[in-house]
Amino acid sequence: MVDHAQNRQTTGVPKIIVKDLMILYGNKTILRDVNLEIKENEIFGIIGPANSGKTSLLRALNRMDDMTAGMKVTGDIIFSGKRLQAWKNLYALRQRIGVVFPLPVGLPLSVFDNVALSPRLRGIRNQADLQVIVERCLRRAALWDEVKDRLHSLGSLLSGGQQQRLTIARALSQEPELLLLDEFSIAVDPVTTMRIEDVLKELRHELTIVLVTNLVQQARRLADRTAFFLKGECVEINETEKIFTRQAKDPRTMDYVEGRFG
Amino acid sequence: MIMNNITSADNNRRRASADRRNMDWYLDLLVRFLVFIGGISAIIFILGIFVFITSQGIGFLLDRFDIAEFFGSPLWRPTSEEHPTYGALALIVGTASITGFAMLVSVPFSLGAAIYIAEFAQGKVRETLKVLVELLAAIPSVVWGFIGLSIMNPFIIKLFNIPVGLNILNAGIILGLMAAPIMATIAEDALKAVPDTYREAAEAMGATRWQVISRVTLPSAKNGLMAAVLLGVGRGFGETMAVLMASGHSVNLPTSPFDSVRALTATIAAELGETAQGSEHYQALFTLGIFLFIVTFIINLTADIVVRGIRKGNI
Amino acid sequence: MTFEATELNIRNKKMEKLFRILFLMMTLLLILPVLIIICLLLAEGHEALSVDFFLTAPQNGMTAGGIFPALVGTLWLVAIALLVSVPLGVAAALYLSEYAPDNWLTRIINLAIVNLAGVPSIVHALFGVGAFVLFFGFGTSILAASFTLAIMTLPVVIVSTRESLQAVPLAFREACWNMGATRWQTIRHVVLPNSISGILTGIILEVSRSVGETAPIMFTGAAFFLPFLPQSVFDQTMALSLHLFVISTQVPGVPEHLPFGVALVLIGIVLLLNSISIAFRMYLRGKKKW
């Protein structure tokens, strides 16, 4: 953990600023009074028990509230210096943000088309270019070796772990500036998890990563800073090291990290 | 190298088009607009039907329509030289008696079939029965009418030793056979919509299959079953060709199932071709159409409300 | 105690068996008469069927000859009706399944569809006369009859298409939206490719339905007897379904096997189309894509 601090290469420029965020489903409040800043090229960890509003935060960051019946977001989210609410072309916004949700979704297209879909939507038609992109993304998601001989079989029929990595490859194919990962390792074996974690460490040179995880040790391994969410509230945001070395500000964070609940 | 080139070219293009509404954005808007037209076309058509049949029948409604005669007199004599009358009572009774008879025959059987298919039958048997029922529902009404005319008619004449076999009995059976597959299908859907956990809970308490069906499944599905019957009634009420061909088509207040009757729908089908456009008779037929439209609208609305009751969690 | 329980059990078992048989009988009583009737139709009508029957026009005041013009006319009517109802119906289904918010307008659209399906066919015919024949000035023509048919069968297309679209899980759409795909891109790349076969199945059903409809075309464009084939959509035409009605009720002296033959052809076409649609559906169900 000592070299962790030396590893930090964040530019210090805020990529995302969240101000007084509140998220409602119908009239049920899922998340309230969230204020946080995520810096460019940072890996920002979010930990917390189930139903603490972590996933809803990610949905709001990707402006998916627009596509979700009953979901309402108030407060401000500023992404790359611009308020999310002010975006005229939400699709262009979402293209710049890659998302990986815990339930892996292999689209019912070929493995190749799964990964080539986003580039195609951006207007890349050249087959050779697409091949390069697909191979690179699949390699980075640690899936290439397993699927390179069956790129034309259905992505939706891969195993759960493979679909999860396919989802990651698809997110990477967007060439995102921001990558939102929601418990990505839930369906993946430990060895593959480690390989993907290595990829994430590399990726942080190019983009900003928000990592929601149920594995506190994963946050410890990867995140520069970590936020602890509990029952719809952001309890604490702190240097990851402090949270894991008994220097957390809030006793509840300490309790959670040390496994006393959650 | 190549990889980096693509990436940087790609990124440059995106920075340039940071937050601009592009082709894809406008295309999505266009499609949204086009499919919206498709969506509201259903409303336009249902309103259009009402407006156009009313506009053709309005003259009669305003000048000649007499509510007491229309609903009270059995004399439908639009072609009478000296004194035409437009009493629809016999036609309404004709439609009601055929539909009623059809329901009498087909409701028990369709619900029975629905129960068997949903609760008893399994695997291949179930699939086969479902397919057969679906195929029955596909037979066109004019073919049903022909069956009534050429197969049921001689059969009824022989069986009951009566001069004419085109009557309530004939049309009712034909209509029953027509409506049954539809009712059975909807009723089966309603039964299948009852969660298996209900059945399992009852079975865990030691209930037999029939006890589960009669005490759990049927009460839970009652709205859906009612909607099935209502839609069957609506179908019977609006059926035209089969009823025209099998009912005997004589204006008559029936006293027994062996009497010939005439239905509202059949009257329009039989007479519209022989009237001059815009004549009183022609407008009167459109008035029958308005009446049919309103009644079926109410039946369908009721069925819809009943079904909505299911979705609101009444099961 | 145990003795009583077993006796109760036996009685329950017997009851259950009884009900099982009762309901089976009811199901069979629903299906068997129809099978018998179809056999009777076959027995009476098979002698009418020949290649000539399909390829010649009715002769001698429709008391002889075949059904060629009626067959061709039905083809015209159904084809033009499809041209109208498929784009409209698929659009409506796409709107309801992919775009429509859960609001009052959507509820009214759904209600309108239910009612459109429930309006009696003869009322559709009156609408066709009032709107297409008179108001839009198509006259009694294939165009007017086909439009009437199209509006009548529109709910079939909408409902079956919507069902096929909804069979594609929401998670696939969300995955696409998350990548920045527009709704239309999502539909084009993921939803439609995975529901198109289901939509086709529904369209086959609609064709089958249209072939048999009689009332809506009676006063809008189908003629009792025309010795020649239609040359354009503004001509009247014969139609198979109306032909059956005409020769079985309106024309004296038709030999018995003739209407039986027409009825057989109609039933044959309809059952064939439905069987294709069912087989197609089962094939698709066996071929899981997720």
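Values in this document were obtained by computation on a predicted structure and should not be read as measured data. (Residues numbered from 1 in each chain as written. Chains lettered and ligands numbered in written order. Predicted model: local features only at pLDDT ≥ 70, side-chain atom pairs only at ≥ 80, totals over all residues.)

Considerations on the overall build of chain A
- The secondary structure content of chain A amounts to 11 helices and 10 strands.
- Relative to a compact globule of 262 residues, whose C-alpha radius of gyration would be 18 Å, chain A shows 18 Å and is just as compact.
- Each principal axis of the C-alpha atoms in chain A carries an extent, and together these give about 55 × 40 × 35 Å.
- Across the 262 residues in chain A, those meeting the buried criterion constitute 48%.
- Residue pairs at least 24 apart in sequence account for 69% of intrachain contacts in chain A once pairs closer than 6 positions are excluded. (Helix = DSSP H or I, 4+ residues; strand = E, 2+ residues; numbered from the N terminus. Rg over C-alpha atoms; globule rule 2.2 N^0.38 Å. Buried ≥ 20, exposed ≤ 12 C-beta atoms within 10 Å, placed from the backbone. Contact = placed C-beta atoms within 7 Å.)

Structural notes on the overall build of chain B
- The secondary structure content of chain B amounts to 13 helices and two strands.
- Against the compact-globule benchmark of 20 Å for 315 residues, chain B has a radius of gyration of 27 Å, which places it well outside the compact range.
- When burial is assessed residue by residue, chain B has 50% of its 315 residues classed as buried.
- Nonlocal contacts in chain B, meaning residues at least 24 apart in sequence, comprise 72% of its contacts between residues at least 6 apart.

As for helix H9 (residues 209-220) of chain B
- Within H9 of chain B, the full set of buried residues consists of Arg209, Trp210, Val212, Ile213, Thr217 and Ser220 of chain B. Seen end-on, H9 of chain B carries its buried residues on one side only, within an arc spanning 140 degrees. (Arc of directions from axis to C-beta.)

A short note on the sheet that holds strand E6 (residues 97-100) of chain A
Residues and elements named next belong to chain A.
- One open sheet accounts for six strands, arranged E6-E7-E8-E3-E9-E10; its pairing is mixed. The open sheet terminates on both sides in strands that have one partner only, identified here as E6 and strand E10 (233-239). Strand after strand, the sheet turns through a mean of 15 degrees between neighbouring axes, direction not considered.
- With five bridges connecting them, strand E7 (residues 178-182) and strand E8 (residues 208-212) associate as parallel partners. (Pairing = 2+ DSSP bridges. Axes fitted to C-alpha atoms, helices over the stretch in contact; angles between N-to-C directions.)

Considering the interface of chain C and chain B
- Listed per partner, the contact involves 68 residues of chain C and 74 residues of chain B.
- For the side of chain C that touches chain B, the element with the most residues is helix H1 (residues 2-45) of chain C, which contributes 16 residues.
- Of the residues that constitute the side of chain C that touches chain B, the class distribution is 50 nonpolar, 15 polar and three charged. (Nonpolar A, V, L, I, M, F, W, Y, C, P; charged D, E, K, R; others polar.)

Side note on the sheet that holds strand E2 (residues 28-39) of chain A
All names here are of chain A.
- Pairing is antiparallel in the open sheet, where four strands are placed in the order E2-E1-E4-E5. Edge positions in the open sheet fall to E2 and strand E5 (82-83), since each of these has one partner strand only.
- Two strands pair when backbone bridges link them, and strand E4 (residues 71-79) and E5 are joined in this way by two bridges, in the antiparallel orientation. Looking at the pairing, phenylalanine 79 lines up with lysine 82 of E5.

Some details on the environment of arginine 150 of chain A
Residues and elements named next belong to chain A.
- Among the secondary structure elements, arginine 150 is positioned in the loop between helix H6 (144-147) and helix H7 (160-173).
- By C-beta crowding, arginine 150 is classed as exposed, having 12 other C-beta atoms within 10 Å.
- The spatial distance from the C-alpha of arginine 150 to the C-alpha of valine 111 is 7.7 Å, given a sequence separation of 39 residues.

A closer look at unusual backbone geometry
- For aspartate 33 of chain A, which is not a glycine, the phi torsion comes out positive at approximately 50 degrees.
- Positionally, aspartate 33 of chain A belongs in strand E2.
- Phi at asparagine 60 of chain C is positive, roughly 50 degrees, even though this residue is not glycine.

Regarding the domain arrangement of chain A
Residues and elements named next belong to chain A.
- The assigned domain composition of chain A is domain 1 (1-96 + 178-187 + 211-262) and domain 2 (97-175).
- Distance from the C-alpha centre of domain 1 to the C-alpha centre of domain 2: 25 Å.
- Of all the secondary structure elements, the ones that give two or more residues to the side of domain 1 that touches domain 2 are helix H2 (54-61), helix H3 (90-95) and E7.
- Among the residues forming the side of domain 1 that touches domain 2, the class breakdown is 10 nonpolar, two polar and four charged. (Domains from an automatic or database assignment.)

Quick look at the confidence of the model for chain B
Residues and elements named next belong to chain B.
- On average, residues of chain B score 89 in pLDDT, and 92% of them reach the 70 mark or higher.
- Here residues 1-5 scores under 50 on pLDDT; set against residues more than four positions off or in separate chains, the count is three contacts.
- With a pTM of 0.90, the predicted complex shows an ipTM of 0.91. (pLDDT = per-residue confidence, 0-100.)

With respect to the environment of serine 141 of chain C
- With respect to the secondary-structure elements, serine 141 of chain C resides in the loop between helix H5 (121-135) and helix H6 (142-166).
- With 96 residues separating them in the primary sequence, serine 141 of chain C and threonine 237 of chain C have C-alpha atoms 7.4 Å apart.

Some thoughts on the pairing of E6 of chain A
Residue and element names in this part refer to chain A.
- Both faces of E6 are covered, namely the face carrying Ile97 and Val99 and the face carrying Gly98 and Val100.
- Of the pairings in the sheet, the one linking E6 to E7 comprises four bridges and is parallel in character. What sits directly across from isoleucine 97, in E7, is leucine 178.

What to know about the domain arrangement of chain B
Residues and elements named next belong to chain B.
- In terms of domains, chain B is made up of domain 1 (2-63) and domain 2 (85-314).
- Summarising the inter-unit geometry, the C-alpha centres of domain 1 and domain 2 are found 38 Å apart.
- Taken together, the contact between domain 1 and domain 2 spans nine residues of the former and eight residues of the latter.

What to know about the packing of helix H2 (residues 23-63) of chain B against helix H4 (residues 104-118) of chain C
- Where H2 of chain B meets H4 of chain C, the closest approach of the two axes is 8 Å, and the angle between their N-to-C directions is 55 degrees. Classified by the angle between their axes, H2 of chain B and H4 of chain C sit oblique to one another. As for how H2 of chain B packs across H4 of chain C, the hand of that crossing is left-handed. The segment H2 of chain B lies against H4 of chain C, with Gly39, Ile40, Ala42, Ile43, Phe45 and Ile46 of chain B engaging Ile108, Ile109, Ala112, Ile113, Asn115 and Leu116 of chain C.
- Class assignment for the residues of the contact of H2 of chain B with H4 of chain C results in 10 nonpolar, two polar and no charged. (Parallel < 35°, antiparallel > 145°, perpendicular 65-115°, else oblique. Left-handed = near helix turned anticlockwise from the far one by under 90°.)

Description of the pairing of E2 of chain A
Residues and elements named next belong to chain A.
- As defined by bridge partners, strand E1 (residues 14-25) adjoins E2 across eight bridges and the pair is classed as antiparallel. Residue pairing for E2: isoleucine 23 is matched across the bridge by leucine 31.
- In textbook terms, the turn of a hairpin is the stretch between consecutive antiparallel strands, and for E1 and E2 this stretch comprises two residues, one of which, glycine 26, has a positive phi near 60 degrees.

Brief notes about the nonpolar core
- Core analysis: the largest hydrophobic core is formed by 273 residues, its most contacted members being Leu211 of chain A together with Ile174 of chain B.
- Here this core gets 17 residues from one element, more than from any other, and that element is helix H7 (residues 168-192) of chain B.
- The residues contacting leucine 211 of chain A, other than those within four sequence positions of it, are Ile43, Phe44, Gly45, Ile46, Leu181, Ala219, Leu222 and Ala223 of chain A. (Core = buried A, V, L, I, M, F, W, Y, C linked by C-beta atoms within 7 Å.)

Here we look at the packing of H2 of chain B against helix H8 (residues 183-191) of chain C
- At a closest axis distance of 8 Å, the pairing of H2 of chain B and H8 of chain C adopts a crossing angle of 80 degrees. With respect to H8 of chain C, the axis of H2 of chain B lies roughly perpendicular. Residues Asp24, Leu27, Asp28 and Val31 of chain B of H2 of chain B touch H8 of chain C, and the partners they reach there are Arg183, Trp184 and Gln185 of chain C.
- Residues of the contact of H2 of chain B with H8 of chain C, tallied by class, amount to three nonpolar, one polar and three charged.

A look at the environment of asparagine 51 of chain A
Residues and elements named next belong to chain A.
- Considering the arrangement of structural elements, one finds asparagine 51 in the loop between strand E3 (43-47) and H2.
- Residue asparagine 51 is classed as partly exposed on the basis of its C-beta count, with 13 C-beta atoms lying within 10 Å.
- Residues asparagine 51 and lysine 231, spaced 180 residues apart in sequence, show a C-alpha to C-alpha distance of 6.4 Å.

Quick notes on H6 of chain C
Residues and elements named next belong to chain C.
- The terminal C-alpha atoms of H6 lie 34 Å apart, and with 25 residues this matches the ideal 36 Å at 1.5 Å per residue to within 8%.
- Approximately 45 degrees is the largest bend angle found in H6, and it occurs at threonine 153, with the proline proline 155 only one to four residues beyond.
- Extensive coverage of H6 is indicated by the burial of 22 of its 25 residues. (Expected span 1.5 Å × (residues − 1). Bend = angle between axes of the 7 residues up to and from the residue.)

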